[in-house]
Amino acid sequence: MNIDQIFDKIYVLPDVSKSKLKENIVEVHYPKGHILLRADKVEKDIYFIKKGIVRAYADFPDKEITFWFGKEGDTAISMKSYIEDEKGYENIELLENCELYKLNTGSLKKLFTEDIHIANWGRKFAERELIKTESLFISRQFKTASERYKELIKDNPDLILRVQLGHIASFLGITQVSLSRIRSEIK
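About the criteria used
- Residues numbered from 1 in each chain as written.
- Predicted model: local features only at pLDDT ≥ 70, side-chain atom pairs only at ≥ 80, totals over all residues.
- Heavy atoms only, no water.
- Phe/Tyr/Trp six-rings, centres within 6.5 Å; stacked < 30°, edge-to-face > 60°.
- Helix = DSSP H or I, 4+ residues; strand = E, 2+ residues; numbered from the N terminus.
- Buried < 20%, exposed > 50% of the residue type's maximum accessible area, 1.4 Å probe, protein only.
- Pairing = 2+ DSSP bridges.
- Contact = heavy atoms within 4.5 Å.
- Axes fitted to C-alpha atoms, helices over the stretch in contact; angles between N-to-C directions.
- Parallel < 35°, antiparallel > 145°, perpendicular 65-115°, else oblique.
- Left-handed = near helix turned anticlockwise from the far one by under 90°.
- Nonpolar A, V, L, I, M, F, W, Y, C, P; charged D, E, K, R; others polar.

Considerations on the packing of aromatic side chains
With the rule as written, the count across this model stands at seven aromatic pairs. Pairing Phe-69 with Phe-171 gives two aromatic rings, centres 5.2 Å apart and planes at 55 degrees, and the pair type is tilted. Of this pair, Phe-69 sits in strand S5 (residues 63-70) while Phe-171 sits in helix H8 (residues 165-172), and the two are 102 residues apart along the sequence. Both residues of the pair, Phe-69 and Phe-171, belong to the buried class. Centre to centre, the rings of Tyr-82 and Phe-125 are 5.8 Å apart; their planes meet at 90 degrees, and the pair counts as edge-to-face. Placement of Tyr-82 in helix H3 (residues 79-84) and of Phe-125 in helix H5 (residues 116-142) is noted, with a sequence separation of 43 residues between them. In this structure Tyr-82 comes out as buried when scored by relative accessible area, which is 7%. An aromatic cluster is defined as three or more aromatic residues linked by ring pairs; in this entry it consists of Phe-7, Phe-48, Tyr-82, Trp-121 and Phe-125.

Here we look at the sheet that holds strand S8 (residues 98-104)
Pairing within the open sheet is antiparallel, and its four strands lie in the order S1-S8-S3-S6. Looking at the sheet topology across the chains shown, the edges are occupied by strand S1 (25-30) and strand S6 (75-76). Taken together, the six bridges between S1 and S8 define a ladder with antiparallel strand orientation. Among the inter-strand pairings, Val-28 is bridged to a residue of S8, identified as Leu-100. Helix-sheet contacts for helix H4 (residues 105-114) involve strand S3 (45-51) and S8, and the interaxial angle to S8 is about 50 degrees.

With respect to the packing of helix H1 (residues 3-10) against helix H2 (residues 15-22)
Between H1 and H2, whose axes approach to 11 Å, the crossing angle comes to 120 degrees. Taken together, the axes of H1 and H2 lie oblique to each other. Crossing hand, H1 versus H2: right-handed. Of the residues in H2, those in contact with Ile-3, Asp-4, Phe-7 and Asp-8 of H1 are Lys-18, Leu-21 and Lys-22. Taken together, the residues that form the contact of H1 with H2 break down as three nonpolar, no polar and four charged.

Some details on the sheet that holds S5
A sheet is described by the order of its strands in space; here four strands give the open sequence S2-S7-S4-S5, paired in antiparallel fashion. Each edge of the open sheet is held by one strand with a lone partner, namely strand S2 (35-37) and S5. Averaged over all pairs of adjacent strands, the angle between their axes in this sheet comes to 35 degrees, without regard to strand direction. Sheet topology note: the strand S4 (residues 54-60)/S5 ladder contains seven bridges and is antiparallel. Across the sheet, the residue bridging to Asp-59 is Glu-64, located in S5. The sheet contacts of H8 involve S4, S5 and strand S7 (91-94), and relative to S5 the element is tilted by about 90 degrees.

A short note on H8
Of all eight residues making up H8, six are buried, and the element is well covered by its neighbours. Buried within H8 are the following residues: His-167, Ile-168, Ala-169, Ser-170, Phe-171 and Leu-172. Positive phi appears at Gly-173, one or two residues downstream of H8, with a value of about 80 degrees.

Topic: the pairing of S4
With five of seven residues buried, S4 lies mostly within the body of the structure. Across four bridges, the pairing between S4 and S7 is antiparallel. Looking at S7, one finds that Val-54 is bridged to Leu-94.

Right, dumping it as C-alpha coordinates:
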(Lines give C-alpha, C1' and ligand atoms only; values in the text may rest on other atoms or scores of the structure.)
Protein backbone atom coordinates (compact mmCIF):
# COMPACT_ATOMS: atom_id res chain seq x y z
CA MET A 1 0.00 0.00 0.00
CA ASN A 2 1.51 3.34 -0.93
CA ILE A 3 1.72 6.33 1.39
CA ASP A 4 -0.97 8.29 -0.48
CA GLN A 5 -3.46 5.46 0.04
CA ILE A 6 -2.54 5.23 3.72
CA PHE A 7 -2.91 8.98 4.27
CA ASP A 8 -6.23 9.06 2.37
CA LYS A 9 -7.57 6.16 4.43
CA ILE A 10 -7.16 8.35 7.50
CA TYR A 11 -8.32 11.67 6.02
CA VAL A 12 -8.10 13.08 2.52
CA LEU A 13 -5.68 16.01 2.42
CA PRO A 14 -5.31 18.75 -0.16
CA ASP A 15 -2.34 18.04 -2.45
CA VAL A 16 -0.21 20.85 -0.98
CA SER A 17 -0.70 19.55 2.58
CA LYS A 18 -0.10 15.96 1.53
CA SER A 19 3.16 17.02 -0.14
CA LYS A 20 4.33 18.74 3.07
CA LEU A 21 3.58 15.57 5.02
CA LYS A 22 5.30 13.35 2.46
CA GLU A 23 8.46 15.51 2.63
CA ASN A 24 8.87 14.17 6.18
CA ILE A 25 8.44 10.48 5.27
CA VAL A 26 11.36 8.09 4.95
CA GLU A 27 10.90 4.58 3.59
CA VAL A 28 12.66 1.92 5.69
CA HIS A 29 12.97 -1.87 5.48
CA TYR A 30 13.54 -4.24 8.40
CA PRO A 31 13.73 -8.04 8.65
CA LYS A 32 11.32 -10.40 10.32
CA GLY A 33 11.93 -10.47 14.08
CA HIS A 34 13.09 -6.84 14.29
CA ILE A 35 11.69 -4.94 17.27
CA LEU A 36 10.40 -1.71 15.76
CA LEU A 37 9.24 -0.02 18.96
CA ARG A 38 10.35 -0.89 22.48
CA ALA A 39 8.54 -0.78 25.80
CA ASP A 40 9.94 1.53 28.49
CA LYS A 41 11.29 3.92 25.86
CA VAL A 42 9.96 7.22 24.55
CA GLU A 43 9.50 6.50 20.86
CA LYS A 44 9.98 9.43 18.49
CA ASP A 45 8.67 7.90 15.25
CA ILE A 46 5.41 6.64 13.78
CA TYR A 47 5.45 3.89 11.15
CA PHE A 48 2.92 3.23 8.42
CA ILE A 49 3.01 -0.32 7.08
CA LYS A 50 3.58 -0.49 3.35
CA LYS A 51 4.16 -4.25 3.28
CA GLY A 52 4.27 -6.85 6.03
CA ILE A 53 2.69 -7.65 9.34
CA VAL A 54 3.55 -6.69 12.93
CA ARG A 55 2.33 -7.44 16.42
CA ALA A 56 2.20 -5.35 19.56
CA TYR A 57 2.85 -7.18 22.80
CA ALA A 58 3.62 -6.54 26.43
CA ASP A 59 6.10 -8.53 28.52
CA PHE A 60 5.05 -10.03 31.82
CA PRO A 61 7.25 -12.09 34.16
CA ASP A 62 5.88 -15.42 32.92
CA LYS A 63 4.73 -14.61 29.36
CA GLU A 64 4.21 -12.16 26.53
CA ILE A 65 0.70 -11.00 25.73
CA THR A 66 -0.07 -10.02 22.15
CA PHE A 67 -2.80 -7.39 22.01
CA TRP A 68 -2.72 -6.05 18.45
CA PHE A 69 -1.76 -7.01 14.90
CA GLY A 70 -1.05 -4.53 12.13
CA LYS A 71 -0.71 -5.12 8.42
CA GLU A 72 -0.58 -3.19 5.17
CA GLY A 73 -2.13 0.24 5.61
CA ASP A 74 -2.01 0.19 9.41
CA THR A 75 0.04 2.37 11.72
CA ALA A 76 2.60 1.15 14.24
CA ILE A 77 2.80 3.66 17.05
CA SER A 78 3.30 4.03 20.77
CA MET A 79 0.33 6.26 21.60
CA LYS A 80 1.71 7.05 25.06
CA SER A 81 4.95 8.33 23.49
CA TYR A 82 3.07 10.15 20.72
CA ILE A 83 0.54 11.93 22.94
CA GLU A 84 2.29 12.33 26.29
CA ASP A 85 5.97 12.05 25.30
CA GLU A 86 6.31 9.29 27.89
CA LYS A 87 7.69 5.76 27.81
CA GLY A 88 5.39 3.31 26.07
CA TYR A 89 4.31 -0.07 27.41
CA GLU A 90 4.38 -2.04 24.17
CA ASN A 91 6.93 -3.74 21.99
CA ILE A 92 6.17 -3.93 18.29
CA GLU A 93 7.77 -6.87 16.53
CA LEU A 94 7.88 -7.51 12.79
CA LEU A 95 6.35 -10.91 11.97
CA GLU A 96 7.47 -10.67 8.32
CA ASN A 97 10.12 -8.72 6.45
CA CYS A 98 8.54 -5.26 6.35
CA GLU A 99 8.58 -2.15 4.22
CA LEU A 100 7.51 0.85 6.28
CA TYR A 101 7.09 4.58 6.01
CA LYS A 102 8.67 6.37 8.98
CA LEU A 103 7.50 9.78 10.22
CA ASN A 104 9.13 11.64 13.09
CA THR A 105 6.52 12.77 15.63
CA GLY A 106 8.32 16.06 16.31
CA SER A 107 8.15 16.94 12.61
CA LEU A 108 4.50 15.94 12.50
CA LYS A 109 3.61 18.06 15.52
CA LYS A 110 5.38 21.03 13.93
CA LEU A 111 3.28 20.53 10.79
CA PHE A 112 0.14 20.51 12.96
CA THR A 113 0.91 24.11 13.96
CA GLU A 114 1.60 25.21 10.37
CA ASP A 115 -1.20 23.56 8.39
CA ILE A 116 -4.82 23.22 9.55
CA HIS A 117 -5.42 20.37 7.07
CA ILE A 118 -2.55 18.36 8.54
CA ALA A 119 -3.82 19.19 12.04
CA ASN A 120 -7.24 17.82 11.03
CA TRP A 121 -5.56 14.75 9.54
CA GLY A 122 -3.81 14.25 12.90
CA ARG A 123 -7.09 14.58 14.78
CA LYS A 124 -8.73 12.00 12.51
CA PHE A 125 -5.71 9.73 12.98
CA ALA A 126 -6.00 9.93 16.78
CA GLU A 127 -9.77 9.36 16.61
CA ARG A 128 -9.28 6.23 14.46
CA GLU A 129 -6.69 4.87 16.91
CA LEU A 130 -9.10 5.50 19.80
CA ILE A 131 -11.92 3.64 18.02
CA LYS A 132 -9.59 0.67 17.30
CA THR A 133 -8.58 0.54 20.95
CA GLU A 134 -12.17 0.82 22.13
CA SER A 135 -13.25 -1.99 19.76
CA LEU A 136 -10.50 -4.27 21.08
CA PHE A 137 -11.48 -3.47 24.67
CA ILE A 138 -15.18 -4.16 24.07
CA SER A 139 -14.40 -7.38 22.22
CA ARG A 140 -12.19 -8.57 25.09
CA GLN A 141 -14.78 -7.71 27.73
CA PHE A 142 -17.98 -8.93 26.13
CA LYS A 143 -17.20 -11.67 23.62
CA THR A 144 -16.16 -15.24 24.14
CA ALA A 145 -12.84 -16.49 22.76
CA SER A 146 -14.74 -18.35 20.06
CA GLU A 147 -16.61 -15.18 19.06
CA ARG A 148 -13.34 -13.20 19.02
CA TYR A 149 -11.70 -15.84 16.82
CA LYS A 150 -14.63 -15.84 14.37
CA GLU A 151 -14.49 -12.05 14.25
CA LEU A 152 -10.73 -12.19 13.62
CA ILE A 153 -11.04 -14.60 10.70
CA LYS A 154 -14.00 -12.66 9.27
CA ASP A 155 -12.25 -9.28 9.44
CA ASN A 156 -8.66 -10.46 8.79
CA PRO A 157 -8.68 -13.92 7.17
CA ASP A 158 -5.07 -13.57 6.03
CA LEU A 159 -3.82 -13.31 9.64
CA ILE A 160 -4.37 -17.04 10.14
CA LEU A 161 -2.01 -17.72 7.23
CA ARG A 162 0.59 -15.11 8.20
CA VAL A 163 0.78 -15.24 12.00
CA GLN A 164 1.91 -18.04 14.33
CA LEU A 165 -0.98 -19.66 16.17
CA GLY A 166 0.74 -18.97 19.49
CA HIS A 167 0.50 -15.22 18.85
CA ILE A 168 -3.15 -15.56 17.81
CA ALA A 169 -3.95 -17.56 20.96
CA SER A 170 -2.23 -14.89 23.07
CA PHE A 171 -4.22 -12.17 21.27
CA LEU A 172 -7.45 -14.04 22.03
CA GLY A 173 -6.42 -14.53 25.67
CA ILE A 174 -6.43 -18.33 25.48
CA THR A 175 -3.98 -21.23 25.27
CA GLN A 176 -2.97 -22.84 21.99
CA VAL A 177 -4.85 -25.96 23.08
CA SER A 178 -8.06 -23.92 23.46
CA LEU A 179 -7.43 -22.27 20.09
CA SER A 180 -7.02 -25.70 18.47
CA ARG A 181 -10.33 -26.78 20.02
CA ILE A 182 -12.11 -23.64 18.74
CA ARG A 183 -10.63 -24.12 15.26
CA SER A 184 -11.75 -27.75 15.11
CA GLU A 185 -15.27 -26.83 16.27
CA ILE A 186 -15.56 -24.21 13.50
CA LYS A 187 -14.40 -26.55 10.71
